[in-house]
Amino acid sequence: MNEVYEKLLKCYACFEDKIDFKPQAALILGSGLGDYADTNMKVEAVLDYHDIEGFPVSTVPGHKGRFVFGYVGDVPVVCMQGRVHYYEGYSMQDVVLPTRLMKMMGAKVLFLTNAAGGIQQGMKAGDLMMITGQIGCFVPSPLIGANIDELGERFPDMSHIYDEDLQKIIRKAAIEADIPLREGTYLQLSGPNFETPQEISMCRVLGADAVGMSTACEAIAANHMGMKICGISCISNLAAGISPFSLIHREVQETADRVAPLFKKLVTDSITG
Ligand code: R1P
(Lines give C-alpha, C1' and ligand atoms only; values in the text may rest on other atoms or scores of the structure.)
Protein backbone atom coordinates (compact mmCIF):
# COMPACT_ATOMS: atom_id res chain seq x y z
CA MET A 1 0.00 0.00 0.00
CA ASN A 2 1.07 3.62 -0.62
CA GLU A 3 3.00 4.61 2.52
CA VAL A 4 1.45 8.11 2.71
CA TYR A 5 -2.01 6.51 2.72
CA GLU A 6 -0.92 3.85 5.17
CA LYS A 7 0.23 6.53 7.62
CA LEU A 8 -3.07 8.36 7.18
CA LEU A 9 -5.03 5.19 7.94
CA LYS A 10 -2.94 4.63 11.08
CA CYS A 11 -3.66 8.16 12.27
CA TYR A 12 -7.36 7.64 11.51
CA ALA A 13 -7.39 4.38 13.52
CA CYS A 14 -5.83 6.27 16.42
CA PHE A 15 -8.53 8.97 16.21
CA GLU A 16 -11.31 6.36 16.00
CA ASP A 17 -9.91 4.60 19.02
CA LYS A 18 -9.93 7.73 21.18
CA ILE A 19 -12.70 10.01 19.91
CA ASP A 20 -16.39 9.40 19.27
CA PHE A 21 -17.35 12.49 17.27
CA LYS A 22 -18.30 13.04 13.63
CA PRO A 23 -17.54 16.58 12.45
CA GLN A 24 -19.32 18.15 9.48
CA ALA A 25 -16.87 20.98 9.10
CA ALA A 26 -13.13 21.36 9.65
CA LEU A 27 -11.51 24.59 10.74
CA ILE A 28 -7.77 25.32 10.60
CA LEU A 29 -6.71 28.19 12.81
CA GLY A 30 -3.83 30.37 11.67
CA SER A 31 -1.10 32.17 13.59
CA GLY A 32 -2.45 34.16 16.50
CA LEU A 33 -6.00 32.92 15.94
CA GLY A 34 -5.54 29.74 17.92
CA ASP A 35 -7.78 30.46 20.88
CA TYR A 36 -11.00 30.41 18.80
CA ALA A 37 -11.76 26.91 20.05
CA ASP A 38 -11.42 28.02 23.69
CA THR A 39 -13.83 30.91 23.34
CA ASN A 40 -16.29 30.12 20.55
CA MET A 41 -16.87 26.39 20.67
CA LYS A 42 -18.85 24.10 22.93
CA VAL A 43 -16.00 21.65 23.36
CA GLU A 44 -16.79 17.92 23.47
CA ALA A 45 -13.33 16.38 23.17
CA VAL A 46 -9.68 17.19 22.60
CA LEU A 47 -6.98 15.13 20.93
CA ASP A 48 -3.37 16.17 21.28
CA TYR A 49 -1.25 15.73 18.14
CA HIS A 50 1.38 14.02 20.31
CA ASP A 51 -1.15 11.27 21.05
CA ILE A 52 -1.53 10.37 17.37
CA GLU A 53 1.30 8.11 16.27
CA GLY A 54 3.28 9.57 13.36
CA PHE A 55 1.33 12.84 13.34
CA PRO A 56 3.29 16.01 12.45
CA VAL A 57 3.52 18.37 15.41
CA SER A 58 3.58 22.16 15.08
CA THR A 59 6.68 23.99 16.34
CA VAL A 60 5.52 27.57 15.68
CA PRO A 61 4.67 29.95 18.56
CA GLY A 62 0.90 30.51 18.62
CA HIS A 63 0.15 27.04 17.22
CA LYS A 64 -0.89 24.80 20.12
CA GLY A 65 -0.96 21.39 18.51
CA ARG A 66 -4.27 19.67 19.12
CA PHE A 67 -7.60 18.84 17.55
CA VAL A 68 -10.62 20.27 19.34
CA PHE A 69 -13.99 18.65 18.67
CA GLY A 70 -17.19 20.47 19.46
CA TYR A 71 -20.06 22.61 18.28
CA VAL A 72 -20.16 26.04 16.72
CA GLY A 73 -23.86 26.76 17.12
CA ASP A 74 -25.38 23.43 16.12
CA VAL A 75 -22.63 22.51 13.66
CA PRO A 76 -20.25 19.71 14.70
CA VAL A 77 -16.76 20.97 13.98
CA VAL A 78 -13.22 19.68 14.26
CA CYS A 79 -10.80 22.48 14.78
CA MET A 80 -7.02 22.40 14.37
CA GLN A 81 -5.47 24.48 17.09
CA GLY A 82 -2.15 24.75 15.35
CA ARG A 83 -1.10 23.73 11.85
CA VAL A 84 2.18 22.48 10.51
CA HIS A 85 4.06 24.35 7.82
CA TYR A 86 6.37 23.18 5.04
CA TYR A 87 9.21 25.34 6.43
CA GLU A 88 9.17 23.36 9.67
CA GLY A 89 10.87 20.61 7.69
CA TYR A 90 7.90 18.31 7.11
CA SER A 91 7.20 16.84 3.71
CA MET A 92 4.21 18.32 1.89
CA GLN A 93 2.43 14.98 2.39
CA ASP A 94 2.86 15.43 6.15
CA VAL A 95 1.79 19.08 6.01
CA VAL A 96 -1.57 18.07 4.51
CA LEU A 97 -2.01 14.89 6.54
CA PRO A 98 -4.17 16.70 9.14
CA THR A 99 -6.42 18.10 6.39
CA ARG A 100 -6.85 14.64 4.90
CA LEU A 101 -7.49 13.17 8.32
CA MET A 102 -10.26 15.67 9.05
CA LYS A 103 -11.97 14.67 5.78
CA MET A 104 -11.76 11.04 6.85
CA MET A 105 -13.29 11.99 10.21
CA GLY A 106 -16.35 13.16 8.27
CA ALA A 107 -15.77 16.86 7.51
CA LYS A 108 -17.13 17.88 4.12
CA VAL A 109 -16.32 21.56 4.46
CA LEU A 110 -12.88 23.04 5.15
CA PHE A 111 -12.62 26.53 6.62
CA LEU A 112 -9.05 27.82 6.30
CA THR A 113 -7.66 30.76 8.22
CA ASN A 114 -4.24 32.31 8.33
CA ALA A 115 -2.24 35.40 9.17
CA ALA A 116 -0.91 36.95 5.99
CA GLY A 117 1.04 39.90 4.69
CA GLY A 118 -1.07 42.47 2.84
CA ILE A 119 -0.21 43.39 -0.73
CA GLN A 120 -3.52 44.69 -2.12
CA GLN A 121 -3.72 48.45 -2.66
CA GLY A 122 -5.11 50.21 0.40
CA MET A 123 -4.80 47.26 2.76
CA LYS A 124 -3.86 47.85 6.36
CA ALA A 125 -2.82 45.64 9.23
CA GLY A 126 -5.91 44.22 10.90
CA ASP A 127 -7.99 43.89 7.72
CA LEU A 128 -9.77 40.62 7.00
CA MET A 129 -9.67 39.18 3.49
CA MET A 130 -11.87 36.41 2.18
CA ILE A 131 -9.77 34.19 -0.08
CA THR A 132 -11.35 33.91 -3.52
CA GLY A 133 -8.40 32.30 -5.29
CA GLN A 134 -4.86 31.17 -4.72
CA ILE A 135 -1.40 30.81 -6.19
CA GLY A 136 0.18 27.69 -4.77
CA CYS A 137 2.75 26.78 -7.39
CA PHE A 138 5.74 28.30 -5.57
CA VAL A 139 5.77 25.33 -3.18
CA PRO A 140 5.67 21.64 -4.17
CA SER A 141 2.20 20.22 -4.69
CA PRO A 142 1.09 17.95 -1.83
CA LEU A 143 -0.18 15.59 -4.55
CA ILE A 144 3.32 14.77 -5.83
CA GLY A 145 4.04 11.04 -5.58
CA ALA A 146 1.86 8.06 -6.35
CA ASN A 147 -1.76 9.17 -6.49
CA ILE A 148 -3.88 7.96 -3.59
CA ASP A 149 -6.88 6.79 -5.61
CA GLU A 150 -8.90 6.28 -2.44
CA LEU A 151 -8.75 10.05 -1.86
CA GLY A 152 -9.11 11.49 -5.33
CA GLU A 153 -8.03 11.49 -8.93
CA ARG A 154 -4.54 11.96 -10.38
CA PHE A 155 -5.21 15.28 -12.14
CA PRO A 156 -7.82 17.14 -10.10
CA ASP A 157 -9.39 20.27 -11.54
CA MET A 158 -8.46 23.44 -9.60
CA SER A 159 -10.68 25.94 -11.43
CA HIS A 160 -12.98 26.57 -8.47
CA ILE A 161 -11.06 25.79 -5.29
CA TYR A 162 -12.95 28.28 -3.11
CA ASP A 163 -16.63 27.41 -3.08
CA GLU A 164 -18.93 30.15 -4.44
CA ASP A 165 -21.81 29.33 -2.08
CA LEU A 166 -19.55 29.47 0.96
CA GLN A 167 -18.21 32.81 -0.27
CA LYS A 168 -21.78 34.13 -0.42
CA ILE A 169 -22.39 32.98 3.16
CA ILE A 170 -19.22 34.69 4.39
CA ARG A 171 -20.07 37.91 2.52
CA LYS A 172 -23.56 37.92 4.03
CA ALA A 173 -22.21 37.24 7.52
CA ALA A 174 -19.75 40.12 7.15
CA ILE A 175 -22.44 42.55 5.97
CA GLU A 176 -24.86 41.54 8.73
CA ALA A 177 -22.20 41.95 11.42
CA ASP A 178 -20.93 45.16 9.84
CA ILE A 179 -17.43 43.71 9.45
CA PRO A 180 -15.45 45.23 6.56
CA LEU A 181 -14.26 42.38 4.37
CA ARG A 182 -11.75 42.47 1.57
CA GLU A 183 -11.50 39.76 -1.05
CA GLY A 184 -8.55 38.49 -2.98
CA THR A 185 -5.92 35.98 -3.98
CA TYR A 186 -3.64 34.33 -1.44
CA LEU A 187 -0.14 33.37 -2.54
CA GLN A 188 1.86 30.76 -0.63
CA LEU A 189 5.63 30.92 -0.43
CA SER A 190 7.72 28.43 1.48
CA GLY A 191 9.05 30.71 4.24
CA PRO A 192 10.31 30.71 6.94
CA ASN A 193 12.05 33.93 5.95
CA PHE A 194 9.65 36.75 5.31
CA GLU A 195 9.64 37.98 1.72
CA THR A 196 11.98 40.62 0.31
CA PRO A 197 10.47 43.84 -1.11
CA GLN A 198 11.47 42.54 -4.56
CA GLU A 199 9.63 39.26 -4.01
CA ILE A 200 6.56 41.19 -2.91
CA SER A 201 6.74 43.28 -6.10
CA MET A 202 6.78 39.98 -8.01
CA CYS A 203 3.78 38.66 -6.03
CA ARG A 204 1.85 41.84 -6.78
CA VAL A 205 2.59 41.61 -10.50
CA LEU A 206 1.36 38.01 -10.41
CA GLY A 207 -1.96 39.11 -8.96
CA ALA A 208 -1.54 38.26 -5.28
CA ASP A 209 -3.42 40.30 -2.67
CA ALA A 210 -1.95 38.58 0.38
CA VAL A 211 1.06 36.39 0.98
CA GLY A 212 1.80 33.71 3.57
CA MET A 213 3.43 30.36 4.22
CA SER A 214 0.46 28.00 4.49
CA THR A 215 -3.09 27.40 3.29
CA ALA A 216 -2.75 26.89 -0.50
CA CYS A 217 -1.27 23.39 -0.09
CA GLU A 218 -4.06 22.45 2.34
CA ALA A 219 -6.65 23.73 -0.12
CA ILE A 220 -5.11 21.64 -2.92
CA ALA A 221 -5.24 18.47 -0.80
CA ALA A 222 -8.81 19.24 0.31
CA ASN A 223 -9.92 19.96 -3.26
CA HIS A 224 -8.35 16.68 -4.37
CA MET A 225 -10.65 14.94 -1.87
CA GLY A 226 -13.72 16.86 -2.98
CA MET A 227 -14.13 19.04 0.11
CA LYS A 228 -15.90 22.40 -0.09
CA ILE A 229 -13.37 25.06 0.82
CA CYS A 230 -13.44 28.62 2.07
CA GLY A 231 -10.84 30.80 3.71
CA ILE A 232 -10.16 34.06 5.48
CA SER A 233 -6.80 35.78 5.90
CA CYS A 234 -6.15 38.12 8.76
CA ILE A 235 -3.86 40.77 7.29
CA SER A 236 -1.46 40.88 10.18
CA ASN A 237 1.07 43.21 8.59
CA LEU A 238 1.74 44.96 5.33
CA ALA A 239 4.21 42.96 3.25
CA ALA A 240 7.85 43.96 2.89
CA GLY A 241 8.46 47.09 0.86
CA ILE A 242 4.84 48.18 1.40
CA SER A 243 5.43 48.45 5.13
CA PRO A 244 8.38 50.70 6.09
CA PHE A 245 9.02 48.48 9.14
CA SER A 246 10.87 45.18 9.49
CA LEU A 247 8.64 42.13 9.85
CA ILE A 248 8.53 40.02 13.02
CA HIS A 249 6.31 37.06 13.93
CA ARG A 250 5.42 38.59 17.33
CA GLU A 251 3.70 41.48 15.51
CA VAL A 252 1.84 39.01 13.34
CA GLN A 253 0.49 37.44 16.52
CA GLU A 254 -0.26 40.79 18.16
CA THR A 255 -2.27 42.07 15.21
CA ALA A 256 -4.15 38.78 15.00
CA ASP A 257 -4.94 39.10 18.73
CA ARG A 258 -6.27 42.61 18.19
CA VAL A 259 -8.54 41.56 15.34
CA ALA A 260 -9.53 38.29 16.99
CA PRO A 261 -13.01 39.37 18.22
CA LEU A 262 -14.12 40.41 14.69
CA PHE A 263 -12.45 37.42 13.11
CA LYS A 264 -14.10 35.01 15.56
CA LYS A 265 -17.50 36.53 14.98
CA LEU A 266 -17.11 36.27 11.22
CA VAL A 267 -16.00 32.63 11.41
CA THR A 268 -18.81 31.70 13.79
CA ASP A 269 -21.50 33.51 11.78
CA SER A 270 -20.19 31.95 8.57
CA ILE A 271 -20.26 28.42 10.01
CA THR A 272 -23.72 28.79 11.47
CA GLY A 273 -25.04 30.87 8.52
C1 R1P B 1 4.70 34.07 10.07
O2 R1P B 1 4.47 35.05 11.00
C3 R1P B 1 3.80 32.86 10.23
O4 R1P B 1 2.41 33.31 10.26
C5 R1P B 1 1.68 32.71 9.22
C6 R1P B 1 2.73 32.41 8.17
O7 R1P B 1 2.29 31.45 7.23
C8 R1P B 1 3.89 31.95 9.01
O9 R1P B 1 3.75 30.61 9.41
O10 R1P B 1 1.14 31.51 9.78
P11 R1P B 1 -0.25 30.84 9.31
O12 R1P B 1 -0.23 30.83 7.83
O13 R1P B 1 -0.23 29.47 9.91
O14 R1P B 1 -1.36 31.69 9.88
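In this text, all values refer to a predicted model and were calculated from it rather than measured experimentally.

Undergrad: Provide a residue-level description of the confidence of the model for the protein, including the pertinent values.
TA: Of the residues in the protein, 99% reach a pLDDT of 70 or more, and the chain-wide mean stands at 92. Overall fold confidence (pTM) sits at 0.95, and the ipTM for the predicted complex is 0.98.

Undergrad: Before we move on, could you go through the site of the ligand and cite the residues and values that matter?
TA: Surrounding the ligand, one finds 13 residues, the nearest of these being Ser 31, His 85, Tyr 87, Ser 214 and His 249. The fraction of the free accessible surface of the ligand (350 Å²) that becomes covered by protein chains is 96%. At the level of elements, strand E5 (109-118) and helix H8 (249-272) are the ones that each hand at least two residues to the shell around the ligand.

Undergrad: Summarise the side chain of Thr 185; cite the residues concerned and give the values.
TA: With respect to the helices and strands, Thr 185 occurs in strand E7 (residues 182-188). Using a relative accessible area of 18% as the deciding quantity, one classes Thr 185 as buried. When neighbours within four sequence positions are excluded, Thr 185 is seen to be in contact with Met 129, Thr 132, Gly 133, Gln 134, Ile 135, Gly 207, Ala 208, Asp 209 and Ala 210.

Undergrad: How would you sum up the nonpolar core? Please name residues and give values.
TA: Counting residues in each nonpolar core, the largest one holds 42 residues, and the members touching the most others are Phe 67, Phe 69, Met 102 and Leu 110. Ranked by the residues each element gives to this core, the list is headed by helix H1 (residues 3-18), at 6 residues. Judged by nonpolar contacts, the second largest core, of 29 residues, contains Met 41, Val 75, Ala 173 and Ile 271.

Undergrad: Outline a nonpolar patch on the surface, listing residues and values.
TA: On the surface, a nonpolar cluster with roughly 250 Å² of combined accessible area is contributed by Phe 138, Met 202 and Leu 206. Tracing the backbone through its elements, the reader meets Leu 206 in the loop between helix H6 (197-205) and strand E8 (210-212).

Undergrad: Report on the packing of helix H5 (residues 164-176) against H8, specifying residues and quantitative values.
TA: Contact pair H5 / H8: the axes reach a minimum separation of 9 Å and the direction vectors enclose 130 degrees. Of the possible angle classes, the one that applies to H5 and H8 is oblique. The handedness of the crossing between H5 and H8 comes out as right-handed. Contact with H5, carried on its side by Ile 169, Ile 170, Ala 173 and Ala 174, involves Leu 266, Asp 269 and Ser 270 of H8 and no other residues of that element.

Undergrad: Give a detailed account of the pattern of salt bridges, specifying residues and quantitative values.
TA: All told, the structure shown has 10 salt bridges when counted by the stated rule. In this structure, Glu 176 engages Lys 172 in a salt bridge whose closest nitrogen and oxygen atoms are separated by 3.4 Å. Of the two residues, Glu 176 and Lys 172 both sit in helix H5, 4 residues apart, roughly one turn of that helix. We classify Glu 176 as exposed; its relative accessible area is 60%. On the basis of relative accessibility, which here comes to 51%, the residue Lys 172 falls in the exposed class. Salt bridges sharing common partners tie together Lys 124, Asp 127 and Arg 182.

Procedures and definitions
Residues numbered from 1 in each chain as written. Predicted model: local features only at pLDDT ≥ 70, side-chain atom pairs only at ≥ 80, totals over all residues. Heavy atoms only, no water. pLDDT = per-residue confidence, 0-100. Near = heavy atom within 4 Å. Areas by Shrake-Rupley, 256 points an atom, 1.4 Å probe, with all protein chains shown as cover. Helix = DSSP H or I, 4+ residues; strand = E, 2+ residues; numbered from the N terminus. Buried < 20%, exposed > 50% of the residue type's maximum accessible area, 1.4 Å probe, protein only. Contact = heavy atoms within 4.5 Å. Core = buried A, V, L, I, M, F, W, Y, C linked by side-chain atoms within 4.5 Å. Patch = residues over 30% accessible without salt bridge, like charges linked within 9 Å, V, L, I, M, F, W, Y side chains within 5 Å. Salt bridge = Lys/Arg side-chain N within 4 Å of Asp/Glu carboxyl O. Axes fitted to C-alpha atoms, helices over the stretch in contact; angles between N-to-C directions. Parallel < 35°, antiparallel > 145°, perpendicular 65-115°, else oblique. Left-handed = near helix turned anticlockwise from the far one by under 90°.

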